[in-house]
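# Observations on chain architecture
Residues per chain are reported as follows:
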Amino acid sequence: MATATNQFSPDYSVSPGWVLEERLEVEGISHAEFARRCGRSPKLISEIISGKAPLEPATALQFEKVLGVDATIWLGIESEYRLHRDRETEARNAAVSAEWIKTFPVRDRT
């Protein structure tokens, strides 16, 4: 089995809310109307669009029914977005820890 040597690894991600907002704009559907069609609250839709609330599988299924975009695509976008955010947070925390460790008084053992 061949191993891929060149893998696409972007240094950014987009939230499913960003994709949703773009799609709603193209379709000419307001947030409130979309929420009504999905059977979800306008507040939840607003929080998903702003990236504050995660996109749950049941909501992804509703998005699929209303917009015709498969729920697995919505959940894939959500997963990549959350994973990217967590990686960025981990990298920031590691950088802070590395700076903190430099403040330790250590004798040179040479």
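Overview of the structure. Keep in mind that this is a model prediction, so the values were computed, not measured.

## Some points on the nonpolar core
- Ranked by size, the top nonpolar core spans 17 residues in total, and within it Leu 20, Leu 24, Phe 34, Ile 45, Phe 63, Leu 67 and Trp 74 carry the most contacts.
- Counting residues per element, the ones that place at least two in this core are helix 1 (16-27), helix 2 (31-38), helix 3 (42-50), helix 4 (57-67) and helix 5 (71-101).
- Phe 63 has contacts with Leu 20, Phe 34, Cys 38, Ile 45, Ile 48, Leu 55, Gly 68, Val 69 and Trp 74, leaving out every residue within four places of it along the chain.

## With respect to the environment of Arg 82
- Here Arg 82 lies in helix 5.
- As for Arg 82 and Ile 29, which are separated by 53 residues in sequence, their C-alpha atoms are 26 Å apart.
- Of the polar contacts made by the side chain of Arg 82, one reaches the side chain of Glu 78; its length is 2.6 Å.

## Observations concerning the side chain of Ser 15
- Tracing the chain through its elements places Ser 15 in the segment before helix 1.
- For Ser 15, a relative accessible area of 10% translates into the label buried.
- For Ser 15, the side chain forms a polar contact with the main-chain nitrogen of Trp 18, separated by 3.0 Å.
- The residues contacting Ser 15, other than those within four sequence positions of it, are Ile 49, Ile 77 and Tyr 81.

## Considerations on a nonpolar patch on the surface
- A surface patch of nonpolar side chains, amounting to about 470 Å² of accessible area, comprises Trp 100, Ile 101, Phe 104 and Val 106.
- Residue position: Val 106 is located in the segment after helix 5.

## Notes on the packing of helix 1 against helix 3
- For the pair helix 1 and helix 3, interaxial distance at closest approach is 6 Å and the crossing angle is 115°. One way to sum up the angle between helix 1 and helix 3 is to call them roughly perpendicular. Facing helix 1, whose interface residues are Gly 17, Trp 18, Leu 20, Glu 21 and Leu 24, helix 3 presents Ile 45, Ile 48 and Ile 49.
- Here the residues of the contact of helix 1 with helix 3 sort into six nonpolar, one polar and one charged.

## Comments concerning the pattern of salt bridges
- One pass over the full model with this rule turns up five salt bridges.
- The closest approach of N and O atoms between Glu 27 and Arg 23, which form a salt bridge, is 3.1 Å. Of this pair, Glu 27 and Arg 23 are both found in helix 1, four residues apart, which corresponds to roughly one turn of the helix.
- Here Arg 82 and Glu 78 are joined by a salt bridge, their closest N and O atoms 2.6 Å apart. Taken together, the residues Arg 82 and Glu 78, both in helix 5 and four residues apart, mark about one turn of the helix.
- Within the structure, one salt-bridge network assembled from shared partners comprises Glu 33, Arg 36 and Arg 37.

Conventions we followed
Residues numbered from 1 in each chain as written. Predicted model: local features only at pLDDT ≥ 70, side-chain atom pairs only at ≥ 80, totals over all residues. Heavy atoms only, no water. Core = buried A, V, L, I, M, F, W, Y, C linked by side-chain atoms within 4.5 Å. Buried < 20%, exposed > 50% of the residue type's maximum accessible area, 1.4 Å probe, protein only. Helix = DSSP H or I, 4+ residues; strand = E, 2+ residues; numbered from the N terminus. Contact = heavy atoms within 4.5 Å. Polar contact = N/O pair within 3.5 Å; in protein donor to acceptor, adjacent residues only side chain to side chain. Patch = residues over 30% accessible without salt bridge, like charges linked within 9 Å, V, L, I, M, F, W, Y side chains within 5 Å. Areas by Shrake-Rupley, 256 points an atom, 1.4 Å probe, with all protein chains shown as cover. Salt bridge = Lys/Arg side-chain N within 4 Å of Asp/Glu carboxyl O. Axes fitted to C-alpha atoms, helices over the stretch in contact; angles between N-to-C directions. Parallel < 35°, antiparallel > 145°, perpendicular 65-115°, else oblique. Nonpolar A, V, L, I, M, F, W, Y, C, P; charged D, E, K, R; others polar.

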